[in-house]
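A closer look at the structure
Each chain, written out:
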Amino acid sequence: MNPSQIVEAILFASDAPLKAEEIARADDSLDEDLVEGSIRTLRAEYDEGERAFQVVELAEGYQILTRTEFAPYLERFDTVPRPARLSGPALETLAIIAYRQPIGRIEIEYIRGVGSAGVIRTVVDRGLIEVVGRAEGIGRPLLYGTTGKFLEHFGFQSLEDLPRPEELPVVLRDRIPLVDRPEAESQQVDLDFDPEADAEAHRPGESVGESGSELSRHEASNVDVDGGR
Amino acid sequence: MNPSQIVEAILFASDAPLKAEEIARADDSLDEDLVEGSIRTLRAEYDEGERAFQVVELAEGYQILTRTEFAPYLERFDTVPRPARLSGPALETLAIIAYRQPIGRIEIEYIRGVGSAGVIRTVVDRGLIEVVGRAEGIGRPLLYGTTGKFLEHFGFQSLEDLPRPEELPVVLRDRIPLVDRPEAESQQVDLDFDPEADAEAHRPGESVGESGSELSRHEASNVDVDGGR
Amino acid sequence: MAVTSPLQDEGFFVVEIERFQGPLDLLLHLIRRQDIDVFDIPIAKITDQFLVAIRGIQARDLDNAGEFLEMAAALVRIKAQMLLPRRDEEEEEDPRAELVRRLLEYEQIREITLRLAASEAERARRFGKGYVEPRHRPPLLDAPLETVWSEVFETALAITVPEPRDMEHRILLRAVPLEEKIDLILLTLGRVARVEFNKLVSPWRGRLHGVMTFLAGLELSRRRRVRLRQVRPFAELWLYRWEETSEEPTVDGGQED
């Protein structure tokens, strides 16, 4: 373990630039001069070995950074499109919307059994679904449907082309009302409670405005009960 | 600019493991084989030059990490970020998920003997496990599996690196297929005991009318579950 | 009580029990530290030790008190089953079998947990690049979508609407102090000479009340304040006011003194 190796390890793993005197604190064997000497050694070694990185001296101290001439490769690495696939939840949400459109978030959540606001946004961002209208009733919840891009991407002329075999779940094949009991409203709240979904990803601060969203759920379930689209 | 320099620049500018095919995106001249070859070159050069870091195979990819012998200098250095260690319950839960994936919460709790919704949420939040599907049956419970970040955290190249059950100095050799055990589920129902309600949801003084906050937590979770992919 | 283990000291447990991940961990500890053959667990002895170990757990407001109590109830049930004459030795599984499976499985998981902790520690000795230059990342939309229709369609075929959840599952577990149940039993037996177990439990919902009432019954039988009596297996369980003259067999507790 020689001084320049210790200096290299510290410079590499530090998340901030370091002055020589700070690096020297890493070990009793080091002092400022030794650190400066080590940095000169490292620079020579990096030059000689034609490394893609170098020790840079900034106002705040030393840091190992990629040489600027490699910037175009980094940029290309970042921007070459990565193949993208829909996640399981996104596939499920898209399937429900494709077959039951126009459909609101509450109904999607009812069928999936978990909250779906985030996944709906993902599929909207992908350009496969869009807001196609609003339901009646208080709050007038948004209704989603598939886009032209959806048809284009999956090779359909129109929505008539979607296969509707016998095996398709009834909930997708027929537009049966999702909630048909008089106690629909309270039932809905109960069903919506999914401890697992909760377990997945509760982030602090996101639970603001709960009463609003709860209200809209109720509204939407009313739409469903009454309209039964 | 030779291939191994480009590969080095990409690896150096990343704080997570990269697969060879990903690195190849950096330039048209690269392909997977060239990247693998370049990594072999870099390894030899780092060994020869006695660099403080090396190219490590991790989580089915590659990452430049410091050599273990520098840990004593780095562990107590202010500007070197330290990974947070997992709690005992989190490790236990991960052990179960790693070996039994895909696995649902109820089975995890049956094996551990304690409610696990909170600890599952913690490891999901840390990106170590994710929802990989849903089981059949009532409520279609979520199933969890380990992520690439799990491999990263424990320094595994793949799940093959997990200790094999037959290596373990424990009497049990035959894997007990939990799924085949009807008791696994009925036990819970039979005892009418909801460990989640106990350990997670129940706070002294909270009334039964908690559905509002449950809803909102549930709502908040959507974003994370589906949005990030 | 013929408890002979060093675990008898309650003070020891008040400190110790927090250390255990849960009831399986505690049970495994009791079994392994006494070198008990896990395939032939002396269930009466272990049950007693377990009950001693968790005594007072309610008062200390542990997160997982309910789980320890559930295990206590399961042990007591197995213990009772062990006392029954076995009608058909061939077909009936040992009442302990499932517990043994769980214990062994848990022990294996615990071993894996230790290995994972070791791997974590080893991995933590390496450090990645601490500073990575911030770069602009392209928006998700730029990436071409590779998902094909058959994936969407197969997902559609697999969709089912979940059944309404069983309301019973939503009842929140609340702390049920043992003392409360002890008082209830003593109060009741102050008025009548005997009472059906179910009568004591029926006013409450939730299985924990049953468990706690049962444990209270066991405790009082230990203190020789009540006798537990059951005419035949799975028949109604009765709690009797303790009379010095009573000699009849009891299901649990009283006879072991």
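Conventions we followed
- Residues numbered from 1 in each chain as written.
- Chains lettered and ligands numbered in written order.
- Predicted model: local features only at pLDDT ≥ 70, side-chain atom pairs only at ≥ 80, totals over all residues.
- Heavy atoms only, no water.
- Helix = DSSP H or I, 4+ residues; strand = E, 2+ residues; numbered from the N terminus.
- Buried < 20%, exposed > 50% of the residue type's maximum accessible area, 1.4 Å probe, protein only.
- Contact = heavy atoms within 4.5 Å.
- Areas by Shrake-Rupley, 256 points an atom, 1.4 Å probe, with all protein chains shown as cover.
- Pairing = 2+ DSSP bridges.
- Lys, Arg positive; Asp, Glu negative; His and termini not counted.
- Salt bridge = Lys/Arg side-chain N within 4 Å of Asp/Glu carboxyl O.
- Polar contact = N/O pair within 3.5 Å; in protein donor to acceptor, adjacent residues only side chain to side chain.
- Phe/Tyr/Trp six-rings, centres within 6.5 Å; stacked < 30°, edge-to-face > 60°.
- Core = buried A, V, L, I, M, F, W, Y, C linked by side-chain atoms within 4.5 Å.

Counting its secondary structure elements, chain C contains nine helices and three strands. Among the 257 residues that make up chain C, the fraction classed as buried is 49%. Contacts in chain C between residues at least 24 apart in sequence constitute 63% of all its contacts with a sequence separation of at least 6. If you sum the accessible surface of chain C, you get close to 13200 Å²; carbon and sulfur atoms cover 52% of it.

A count of helices and strands for chain A gives 12 helices and five strands. By the burial criterion, 52% of the 229 residues in chain A qualify as buried. Once local pairs closer than 6 in sequence are excluded, the contacts in chain A between residues at least 24 apart make up 51%. Entry remark: accessible area of chain A is about 10100 Å², with carbon and sulfur atoms responsible for 50%.

Quick look at the sheet that holds strand E4 (residues 129-134) of chain A now. Residues and elements named next belong to chain A. Strand order in the open sheet formed by three strands is E3-E5-E4, and the pairing between neighbours is antiparallel. Across the chains shown, the open sheet's two edge strands, defined by having one partner strand only, are strand E3 (103-104) and E4. Of the pairings in the sheet, the one linking E3 to strand E5 (residues 142-146) comprises two bridges and is antiparallel in character. Residue pairing across strands places Ile103 opposite Tyr144, the latter belonging to E5.

Here we take up the side chain of Lys129 of chain C. Within the element layout of this structure, Lys129 of chain C appears in the loop between helix H5 (97-123) and helix H6 (149-157). Lacking a salt bridge, the buried Lys129 of chain C has Glu133 of chain C as its closest oppositely charged neighbour, with an N-O distance of 6.0 Å. Within the structure, the side chain of Lys129 of chain C is placed 2.9 Å from the backbone oxygen of Ile64 of chain A, a separation counted as a polar contact. Of the polar contacts made by the side chain of Lys129 of chain C, one reaches the backbone oxygen of Tyr131 of chain C; its length is 3.2 Å. With residues near it in sequence (within four places) discarded, Lys129 of chain C still touches Phe12 and Ile64 of chain A together with Phe12, Ser14, Asp15 and Ile64 of chain B.

Our focus in this paragraph is the packing of aromatic side chains. For any pair of aromatic rings, geometry is given as the distance between the ring centres together with the angle between the planes. Going through the model one piece at a time under the given rule, you end up with 18 aromatic pairs over all chains. A ring pair is formed by Phe12 of chain A and Phe53 of chain B, whose centres lie 4.9 Å apart and whose planes are at 25°; its orientation type is stacked. Of the two residues, Phe12 of chain A is situated in helix H1 (residues 3-13) and Phe53 of chain B in strand E1 (residues 53-58); the pairing between them involves two chains. Neither Phe12 of chain A nor Phe53 of chain B differs from the other in exposure class; each is buried. Ring-pair connections join several aromatic residues into one group, and the members of that group are Phe12, Tyr46 and Phe53 of chain A together with Phe12, Tyr46 and Phe53 of chain B.

Regular strands show a simple pattern: their side chains alternate between the two faces of the sheet. Residue and element names in this part refer to chain B. Summarising burial for strand E2 (residues 61-66): six of the six residues are buried, a large majority. Taking every second residue as pointing to the same face, both faces of E2 are buried, with Gly61, Gln63 and Leu65 on one and Tyr62, Ile64 and Thr66 on the other. Following E1, the chain reverses through two residues before pairing antiparallel with E2; Ala59 in that reversal takes a positive phi of roughly 45°.

A few words now on the nonpolar core. Grouped together as the largest cluster of nonpolar side chains are 55 residues, with contacts concentrated most on Ile10 and Leu11 of chain A together with Leu11 of chain B. With sequence-adjacent residues up to four places away left out, Leu11 of chain B is seen in contact with Ile23, Ile39, Leu42, Val55, Tyr62, Gln63 and Ile64 of chain B.

Turning to the sheet that holds strand E3 (residues 103-104) of chain B, a few remarks are in order. Taken in spatial order, the three strands of this open sheet run E3-E5-E4 (chain B), and their pairing is antiparallel. The open sheet has two edge strands, E3 and strand E4 (129-134) of chain B, and neither has a second partner.

Here the focus is unusual backbone geometry. Of note, the amide linkage connecting Gln101 of chain A to Pro102 of chain A takes the cis form, showing an omega dihedral of -5°. Following the sequence through the fold, Pro102 of chain A ends up in the loop between helix H5 (88-100) and E3. Phi at Ala59 of chain B is positive, roughly 45°, even though this residue is not glycine. A relative accessible area of 9% places Ala59 of chain B in the buried class. Of note in the backbone geometry, Asp35 of chain C takes a positive phi value of approximately 55° without being a glycine. By secondary structure assignment, the location of Asp35 of chain C is in the loop between helix H2 (23-33) and helix H3 (43-54).

By themselves, these figures tell us nothing about what the structure is for.
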